[in-house]
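# Secondary and tertiary structure notes
Now for the letters of each chain:
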Amino acid sequence: MTTQTSRRAVTTSAVLIAATLAVASCTGVPASPHAAGEGMDCPPNDLVTSIGVDFTGSHHSEAVKASNMEVIAQHVRRTATCEGTVSVFAFASSTGATVPIFDGDLSVEAPTENAKQRKAEKLAEQTMATISANYDAALANITGSGTDIIGMLSLFQQKASRYPDTTAHHVLLTDGLQNVGVDPTNATSVEAAQALADQQRVPDLSGAELTIVGIGRQAQGELPSTVIENVTAFWERICQNTHAATCRVSTDGQ
């Protein structure tokens, strides 16, 4: 189940979804100053992708890791194609206890668009190899027993402020089970979940793309469908309240 909300036209969200899921070669004239393959859009300015991965116990298993790596690969490939930077970090209970997994520039140079696309794909593969090698090591360095997902939004805002005149794409890979300060699983209805979200202070992410993937995907067991529905509604409203240009909140791993 995937639920989308957007502060812009529906077509904008549709393009964003296609961009994050598609893998294509660059064979035509790009629609922006950066290289772009068919079905993969690039913003008119530099793309800065930040990916926070929930490493708390409820969201850590080999199956979840495999799903996370697929999503990370999609965003790494897009960033390399669009000539941007990407950072991936693990988080748990606080903004001060995150662990870096990767941070680097994915820009390439080549004489033709086809050659540039080939180099971008190669760079994306190399980047994913590094991320894979650092993923498990990050787990050993995560501290804290709670889950502060909302706090990561402030880190995204801080990161975007260091890169003015760029397009920021913020991605959270999490089951959505926040339990530091607020617990959306306690909401008894969609309306109650939305009201609870409205009580939270969230940063202004105007102009950014915000994607939250994996709501309800636990390492073990399954949450009741009503709980997943309420938690999803909570994060949809949180996303809206950040004033992000586009929001995508998804319960699956894509």
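Refer to the structure above for everything that follows.
As the structure is a prediction and not an experimental result, all values here were calculated from the model. Within each chain, residue numbers correspond to sequence positions counted from 1 in written order. Totals for whole chains, interfaces and linings use all residues, but because this is a predicted model, local features are given only for residues with pLDDT of at least 70 and pairs of side-chain atoms are given and counted only at 80 or more. Values shown for side chains rest on all heavy atoms present in the structure; no hydrogens or waters enter the calculation.

### Focus: the state of the cysteines
In plain terms, the rule: Working definition: a disulfide is two cysteine sulfur atoms within 2.5 Å of each other. Residue exposure (1.4 Å probe, protein chains only): buried if accessible area is under 20% of the type maximum, exposed if over 50%, otherwise partly exposed.
Summed over all chains, the structure comprises two disulfides. Here cysteine 239 engages in a disulfide with cysteine 247; their sulfurs sit 2.2 Å apart. With the S-S bond torsion at -105 degrees, the cross-link from cysteine 239 to cysteine 247 turns out left-handed. Across this residue pair, the class does not change: cysteine 239 and cysteine 247 are buried.

### A closer look at the pattern of salt bridges
Pairing between side chains of opposite charge can happen when their charged atoms approach one another. Operational definition: Salt bridge, as applied in this entry: a Lys or Arg side-chain nitrogen positioned within 4 Å of an Asp or Glu carboxyl oxygen. Numbering of helices and strands runs from the N terminus; a helix is a DSSP stretch of H or I covering at least four residues, while a strand is a stretch of E covering at least two.
Going through the model one piece at a time under the given rule, you end up with six salt bridges. With its nearest N and O atoms 2.9 Å apart, the salt bridge here joins arginine 78 to glutamate 209. Of this pair, arginine 78 sits in helix 2 (residues 62-81) while glutamate 209 sits in strand 6 (residues 209-213), and the two are 131 residues apart along the sequence. Put simply, aspartate 198 and arginine 237 hold a salt bridge, and the shortest N to O gap is 2.7 Å. Of this pair, aspartate 198 sits in helix 5 (residues 190-198) while arginine 237 is found in helix 6 (residues 225-241), placing the two residues 39 residues apart along the sequence.

### Some remarks on the nonpolar core
Note the threshold: The nonpolar core is taken to be a set of buried Ala, Val, Leu, Ile, Met, Phe, Trp, Tyr and Cys residues, with the residues joined through side-chain atoms within 4.5 Å. By definition in these notes, contact holds between two residues if any of their heavy atoms fall within 4.5 Å.
Core analysis: the biggest nonpolar cluster contains 32 residues, and Leu153, Leu172, Leu210, Ile212, Phe234, Trp235 and Ile238 have the highest contact counts within it. The dominant element in this core, judged by the number of residues it contributes, is helix 6, at eight residues. Leave out the neighbours within four places in its chain, and leucine 210 touches Leu153, His169, His170, Leu205, Cys239, Thr242, Ala244, Thr246, Cys247 and Arg248. Counting residues in each nonpolar core, the second largest holds 29 residues, with Met69, Val88, Ala92 and Tyr135 among its members.

### Quick word on the packing of aromatic side chains
For any pair of aromatic rings, the description rests on two quantities: the centre-to-centre distance and the angle between the ring planes. The line we're drawing: Pairing of aromatic rings covers Phe, Tyr and Trp, the last counted by its six-membered ring, and requires centre-to-centre distances within 6.5 Å; plane angles under 30 degrees mean stacked, over 60 mean edge-to-face, and any other angle means tilted.
Applying the stated criterion across every chain, the model contains four aromatic pairs. On the basis of an interplanar angle of 50 degrees and a centroid distance of 4.8 Å, the ring pair of phenylalanine 55 and tyrosine 135 is categorised as tilted. Here the residue phenylalanine 55 occupies a position in the loop between strand 2 (47-54) and helix 2, and tyrosine 135 occupies one in helix 3 (residues 113-141), the gap between them amounting to 80 residues. Accessibility expressed as a relative area gives 2% for tyrosine 135, which makes it buried. Between phenylalanine 89 and phenylalanine 156 the ring centres are 6.1 Å apart and the planes differ by 65 degrees, which places this aromatic pair in the edge-to-face class. With a gap of 67 residues between them, phenylalanine 89 in strand 3 (residues 85-91) and phenylalanine 156 in helix 4 (residues 149-161) connect regions that are remote in the sequence. In this pair, the class of phenylalanine 89 matches that of phenylalanine 156, namely buried. Connected via pairs of aromatic rings, a cluster forms that spans Phe89, Phe91 and Phe156.

### Structural notes on the pairing of strand 2
Applicable threshold: Any two strands are treated as partners once DSSP identifies two or more bridges connecting them.
Of all eight residues in strand 2, eight are buried; the element is thus mostly enclosed. Of the two faces of strand 2, both are covered, the one formed by Leu47, Thr49, Ile51 and Val53 as well as the one formed by Val48, Ser50, Gly52 and Asp54. Pairing geometry for strand 2 and strand 5 (residues 167-173), over seven bridges, is parallel. Within strand 5, the position partnered with valine 48 by the bridge is alanine 168.

Any link to function would need more than the numbers given here.
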